[in-house]
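In case you want the letters, here they are:
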Amino acid sequence: MPLQRLNRKRFGSPDRDGTRPEFVWFAVTGLAAEDATEIAIVVDGQETREPISDGGLAFAVARAHRGDEPHVFVHTTDGRRITVQH
């Protein structure tokens, strides 16, 4: 299991006219395995990577279209890229 206590959340303020925004912020948090080095979010082929803290906290934020379903991965010390299931 690449991330324990996984939390995926979307944030976005309505436009001035009250309609839902075209873009939102997509955030992922969790506790990573000991061999994890980075967390990555991939949206429309664009990858956002953030290092995992010494204590194992994984936190990353990426911008996405409202209807997109970003993909989340954990990168490990031995070069693997493990899909985080939601």
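As a starting point, this report considers the structure included with it. (Residues numbered from 1 in each chain as written. Predicted model: local features only at pLDDT ≥ 70, side-chain atom pairs only at ≥ 80, totals over all residues. Heavy atoms only, no water.)

1. Looking at the pairing of strand 2 (residues 23-32)
Pairing analysis gives seven bridges linking strand 1 (residues 3-11) to strand 2, with the strands arranged antiparallel. Considered in strand 2, the bridge of Gln4 is made with Leu31. One ladder, built from nine bridges, connects strand 2 with strand 5 (residues 57-65); its direction is antiparallel. Paired with Ala27 across the two strands is Val61, which belongs to strand 5. (Pairing = 2+ DSSP bridges. Helix = DSSP H or I, 4+ residues; strand = E, 2+ residues; numbered from the N terminus.)

2. A few points about the sheet that holds strand 1
Strand pairing in a sheet relies on backbone hydrogen bonds. The paired strands run either parallel or antiparallel. Reading across the sheet, the three strands line up as 1-2-5 and stay open at both edges, with antiparallel pairing between neighbours. The strands lining the two open edges of the sheet, one partner per strand, are strand 1 and strand 5. Ignoring strand direction, the axes of neighbouring strands in this sheet form an average angle of 15 degrees. (Axes fitted to C-alpha atoms, helices over the stretch in contact; angles between N-to-C directions.)

3. Considerations on a nonpolar patch on the surface
On the surface, a cluster of nonpolar side chains totalling about 550 Å² of accessible area is made up of Phe11, Trp25, Leu31, Leu57, Phe59 and Val61. Looking at the nonpolar patch, the elements with two or more residues in it are strand 2 and strand 5. By residue number, the principal contributor to the nonpolar patch is strand 5, which donates three residues. Along the chain, Leu57 falls in strand 5. (Patch = residues over 30% accessible without salt bridge, like charges linked within 9 Å, V, L, I, M, F, W, Y side chains within 5 Å. Areas by Shrake-Rupley, 256 points an atom, 1.4 Å probe, with all protein chains shown as cover. Salt bridge = Lys/Arg side-chain N within 4 Å of Asp/Glu carboxyl O.)

4. Considerations on unusual backbone geometry
Even without being glycine, Arg5 reaches a positive phi, approximately 55 degrees. By the element assignment, Arg5 lies in strand 1. For Asp44, which is not glycine, the phi dihedral falls at a positive 50 degrees. Mapped onto the elements of the fold, Asp44 is located in the loop between strand 3 (36-43) and strand 4 (46-51). The exposure class of Asp44 is exposed, given its relative accessible area of 58%. (Buried < 20%, exposed > 50% of the residue type's maximum accessible area, 1.4 Å probe, protein only.)

5. Considerations on the sheet that holds strand 6 (residues 71-76)
Across the sheet, which stays open at both edges, the four strands sit in the order 4-3-6-7 with antiparallel pairing between neighbours. Edge positions in the open sheet fall to strand 4 and strand 7 (81-83), since each of these has one partner strand only. Across the sheet, the axes of successive neighbouring strands diverge by a mean angle of 30 degrees, strand direction being ignored. One ladder, built from six bridges, connects strand 3 with strand 6; its direction is antiparallel. Directly across from Ile39, in strand 6, lies its bridge partner Val74.

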